[in-house]
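# Architecture and fold: a report
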Amino acid sequence: MTPEPLPSPSSSPVPSPRPLPWADCPAADLQAVHGVLTDIDDTLTVDGAIAPEALQALQALRDAGVPVLAITGRPMGWSEPFARDWPLDAIVAENGAVALFRDGDALRTEYAQDLATRQHNARRLAEVAQRVLREVPGTTLARDSAGRVTDIAIDHSEFCTLDAPSIDAVVALMRSEGMRATVSSIHINGWFGEHDKLSGARWMVQRLYGRDVDAPRTAWVYVGDSTNDQRMFGHFPISVGVANLMRFEHELSVWPRYLAQHERGRGFAEVVQRLLDARRARLQPVSS
């Protein structure tokens, strides 16, 4: 399976060290954290549904006043009900292209690309999708494709299975058409444009909080589970993989700094529990 490219495709990445246990993250580092950025599929969810532990953890973060943004390859249409119902500040969908967040009682949708660009790309996306289906045997569009506005997604592990050579072939075809392409735990996503999960995080952190996500990067924890999280893992010093990340250990060139003990939603809850424990310790008055 082709790993997620690093920010500079022309350079040869040096593999990052294997992750440390999440329990080894210094409490002092956690006490300086401002907010949480997280993937959704197989990070918050199990078999497509949010894990109860993850939902409770999101609510605990909200109750503690900790900002949380979910950043996903899932489409705008799929994300809408969860942006309304889950205790999140926003969902940045389609790998940084679309943001959904509550504005009073309404749900607001904003785009990284203007309308003319989206309309121009729509025809090209449809053409590449048909080429993939025609040239790579066994490929099918993701079932959530009707809700997509800026990309295409090929299912490899959600409702059907593609082997590694087929996944590589889809990625190569998309890139030959000038697209960016990533492989998540369930889909192969391709799109036209320079946006990605990191640019989406920068956009929404500035938009919602008036903050620079890079100043400092240690103010944010990133949690993910797959090869398409590698740029985020490499960018944020406090990055964590839930334990099912090890499914991709032979495809990863950039590891998170830390690895949770548990998988999926339980792993996310584990990350949040330690973060909130450190936060409470910082806020607790010192007895004389």
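The following refers to the structure shown. Keep in mind that what you see is a predicted model, and the values were worked out from it rather than measured.

## Quick word on the packing of helix 2 (residues 52-63) against helix 8 (residues 264-283)
- Running from N to C, helix 2 and helix 8 point in directions that differ by 25°, and their axes come no closer than 8 Å. Overall, the two elements helix 2 and helix 8 adopt an arrangement that is roughly parallel. Both helix 2 and helix 8 take part in a crossing whose hand is left-handed. Across from E53, A54, A57, L58, A60 and L61 in helix 2, the residues of helix 8 making contact are G265, R266, F268, A269, V272, L275 and L276.
- The residue inventory of the contact of helix 2 with helix 8, partitioned by class, reads 10 nonpolar, 1 polar and 2 charged.

## Things to note about the packing of helix 4 (residues 115-135) against helix 5 (residues 164-176)
- Where helix 4 meets helix 5, the axes come as close as 10 Å, and the angle between the chain directions of the two elements is 145°. Regarding helix 4 and helix 5, the two cross each other, and that crossing is right-handed. Across from V128, R131, V132 and E135 in helix 4, the residues of helix 5 making contact are V170, L173 and S176.
- When its residues are assigned to classes, the contact of helix 4 with helix 5 shows 4 nonpolar, 1 polar and 2 charged.

## A few points about the pattern of salt bridges
- One pass over the full model with this rule turns up 21 salt bridges.
- Between E249 and R18 there is a salt bridge, with the nearest N and O atoms lying 3.2 Å from each other. Linking E249 in the loop between strand 13 (238-241) and strand 14 (258-259) with R18 in the segment before strand 1 (20-21), this pair joins segments that are 231 residues apart in sequence.
- Between E127 and R123 there is a salt bridge whose closest N-O contact spans 3.0 Å. Here E127 and its partner R123 are both found in helix 4, 4 residues apart, which amounts to about one turn of the helix.
- Judged by relative accessible area, which is 46%, E127 ranks as partly exposed.
- Salt bridges sharing partners connect three or more residues here, namely D41, R74, D144, R148, D151 and E158.

## A look at the packing of aromatic side chains
- Following the criterion strictly, the structure yields 5 aromatic pairs and no others.
- Three or more aromatic residues joined by ring pairs make a cluster, and in this case those are W78, F82 and W86.
- The ring centre of F159 lies 3.9 Å from the NZ or CZ of R143, which sits over that ring.

## Looking at the sheet that holds strand 6 (residues 90-93)
- If you trace the 9 strands from one edge of the open sheet to the other, you get 1-14-13-12-2-5-6-7-8, paired in mixed fashion. Strands at the two margins of the open sheet, each flanked by one partner only, are strand 1 and strand 8 (106-111).
- Note that strand 12 (residues 220-224) and strand 13 share 4 bridges and pair parallel. Pairing of Y222 across the sheet is with S239, part of strand 13.

Analysis parameters
- For every chain, the first residue of its written sequence is number 1, and the numbers climb from 1 along that sequence.
- With pLDDT at 70 or above as the cut-off, local features in this predicted model cover only qualifying residues; side-chain atom pairs require 80 or more to be listed or tallied, and sums for whole chains, interfaces and linings still use all residues.
- Hydrogens and waters are ignored; side-chain quantities use all the structure's heavy atoms.
- What counts as an axis is a line fitted to C-alpha atoms, over the stretch in contact for a helix, and the angles between N-to-C directions run from 0 to 180 degrees.
- Here a strand is any run of E in DSSP of at least two residues, a helix any run of H or I of at least four, and the numbering for each starts at the N terminus.
- For classification purposes, an angle smaller than 35 degrees is called roughly parallel, one larger than 145 roughly antiparallel, one from 65 to 115 roughly perpendicular, and anything else oblique.
- It is the rotation of the near helix from the far one that decides the hand of a crossing: anticlockwise by less than a right angle makes it left-handed, clockwise makes it right-handed.
- Contacts are assigned to residue pairs that have any heavy atoms within 4.5 Å of one another.
- For this classification, the nonpolar set comprises Ala, Val, Leu, Ile, Met, Phe, Trp, Tyr, Cys and Pro, the charged set comprises Asp, Glu, Lys and Arg, and every other residue, Gly included, is treated as polar.
- The rule for a salt bridge is simple: a side-chain nitrogen of Lys or Arg has to be within 4 Å of a carboxyl oxygen of Asp or Glu.
- Burial classes follow relative accessibility: with a 1.4 Å probe on protein chains only, a residue under 20% of its type's maximum area counts as buried, one over 50% as exposed, and anything between as partly exposed.
- Paired rings are identified among Phe, Tyr and Trp, the last through its six-membered ring, by centres lying within 6.5 Å, and are further divided according to the angle between planes into stacked (under 30 degrees), edge-to-face (over 60) and tilted (the rest).
- By the criterion adopted, a ring carries a charge over it if an Arg CZ or a Lys NZ lies within 6 Å of its centre and within 35 degrees of its normal.
- Strand pairing is assigned whenever DSSP identifies at least 2 bridges connecting the two strands.

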